[in-house]
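For reference, the chains in residue letters:
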Amino acid sequence: MSTQDCLQQLFDETPESSLYYKQLQAFSTRPAADCHIVICGLANVGKSDLVKVLSLSRTLSATDGSPAAIVPRYVDTPGFDLSGQQSAQAWEKAIGADIIVLIHDMRQGALAAGEMAFLQSLKARFPDLRQRMIVVLAQADKVPCQMLERLSAIHRNLAMLFLSCSGGIPDESYPAPAKSGVPVLLLEPSRIQALRQQLLLLIGSYEGGLPGMRTASSKALLDTLDAWVTGAIKIRKKSIAIKEAELSQTFSLWQRDLQRLGDTLRFRINELRQR
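Residues numbered from 1 in each chain as written. Predicted model: local features only at pLDDT ≥ 70, side-chain atom pairs only at ≥ 80, totals over all residues. Heavy atoms only, no water.

- Per an unreviewed UniProt entry, the recorded name for the chain is G domain-containing protein, and the organism is Sodalis ligni.

Shown next, in the form of structure tokens:
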């Protein structure tokens, strides 16, 4: 069986493995300076608008005037709460991200169950998610009276998600009782540049910078694929063992029947000899 045939069997049994394999190939051909920043969120929270605003700047440049080395590629996604192909597209783009930006509508209060489930799935695939994620809060001006309460609830959500983390980086204007280590910024026109700088800070603070992120992402995908391959092999070994047991039992029955046939024939032959 060829390598491609083996891969196809894995893809057929675990459809998501095909997506991961394609993403690994994409990582290997992605320009080193390109940083894929994937904007995620529920439907109709302003993802496309944020992509348009951020895309006005073609580079991420440091405030100290050092030369820009990062070319941001802002990636819009469908709402991951949508059904069918749109949800699958959101997940496909998310696992190919260097940085995840989650937009949350402050009018909804704390993070919704769907948002938490999406982040939990990402965290399961990428253990370093906390180091490459930013939460952006939209529509904050619509809930001025509940601002602090809702911001605290969101930080508690994130702290629960990253329970082992400490020493968060909350928005400096709003104290958070439970810190998760995930940057949280308000989505306001005056803070777009702050968001760009936070993106640059994330890359700079990651060990190895953007190449380090890419290496970690590839390793996470490879580890997942390896686990799926190991699982597929275990299933096959179990199936083979069952078949062997079934065949062994069948052979035993055949041997018993053959022995009975031989004994019966010899008995008849002996009867004939004695006549």
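**Side note on the sheet that holds strand β3 (residues 99-105)**
1) Next: Within the open sheet, the five strands sit side by side as β2-β1-β3-β4-β5. Their pairing is parallel. In the strand order of this sheet, the two ends are held by β2 (71-75) and β5 (184-186), each with one partner. Sheet twist, expressed as the mean angle between neighbouring strand axes with direction ignored, is 25°.
2) Next: The sheet contact formed by β3 and strand β4 (residues 133-138) spans six bridges and is parallel. When the sheet's bridge partners are listed, valine 101 is paired in β4 with isoleucine 134.
3) Next: Running at roughly 155° to strand β1 (residues 34-41), helix α3 (residues 47-54) makes contact with β1, β2 and β3 of the sheet. (Pairing = 2+ DSSP bridges. Helix = DSSP H or I, 4+ residues; strand = E, 2+ residues; numbered from the N terminus. Axes fitted to C-alpha atoms, helices over the stretch in contact; angles between N-to-C directions. Contact = heavy atoms within 4.5 Å.)

**What about the pairing of β1?**
1) Next: Most of β1 is tucked away, with seven of its eight residues classed as buried.
2) Next: Here β1 runs beside β2; their pairing, made up of five bridges, is parallel. Counted as the bridge partner of histidine 36 is arginine 73 from β2.
3) Next: In terms of strand pairing, β1 meets β3 through five bridges, oriented parallel. Paired with cysteine 40 across the bridge in β3 is leucine 102. (Buried < 20%, exposed > 50% of the residue type's maximum accessible area, 1.4 Å probe, protein only.)

**Examining the pattern of salt bridges**
1) Next: Applying the stated criterion to the full structure yields seven salt bridges.
2) Next: Notably, a salt bridge pairs aspartate 98 with arginine 214, separated by 2.9 Å at the nearest N-O pair. Note that aspartate 98 is positioned in the loop between α4 (85-95) and β3 and arginine 214 in helix α8 (residues 209-274), a separation of 116 residues in sequence.
3) Next: The partner of lysine 219 in a salt bridge is aspartate 223, with the nearest N and O atoms 2.8 Å apart. Residue lysine 219 and its partner aspartate 223 are located together in helix α8, separated by four residues, close to a single helical turn.
4) Next: Judged by relative accessible area, lysine 219 falls into the exposed class, the value being 52%. (Salt bridge = Lys/Arg side-chain N within 4 Å of Asp/Glu carboxyl O.)

**Observations concerning the packing of aromatic side chains**
1) Next: Within this structure, the stated rule accounts for three aromatic pairs.
2) Next: Each ring, one from phenylalanine 80 and one from phenylalanine 118, has its centre 4.0 Å from the other, and the planes form 10°; the classification is stacked. Of this pair, phenylalanine 80 sits in the loop between β2 and α4 while phenylalanine 118 sits in helix α5 (residues 113-125), placing them 38 residues apart in sequence. Residues phenylalanine 80 and phenylalanine 118 agree in their burial class; the two are buried.
3) Next: Judged by centre distance (6.0 Å) and plane angle (85°), the rings of tryptophan 91 and phenylalanine 118 are edge-to-face. Pair noted here: tryptophan 91 is in helix α4 and phenylalanine 118 is in helix α5, with a separation of 27 residues, a long-range link.
4) Next: Classification of phenylalanine 118 by relative accessible area gives buried; the value is 8%.
5) Next: Aromatic rings pair up to connect Phe80, Trp91 and Phe118 into one cluster. (Phe/Tyr/Trp six-rings, centres within 6.5 Å; stacked < 30°, edge-to-face > 60°.)

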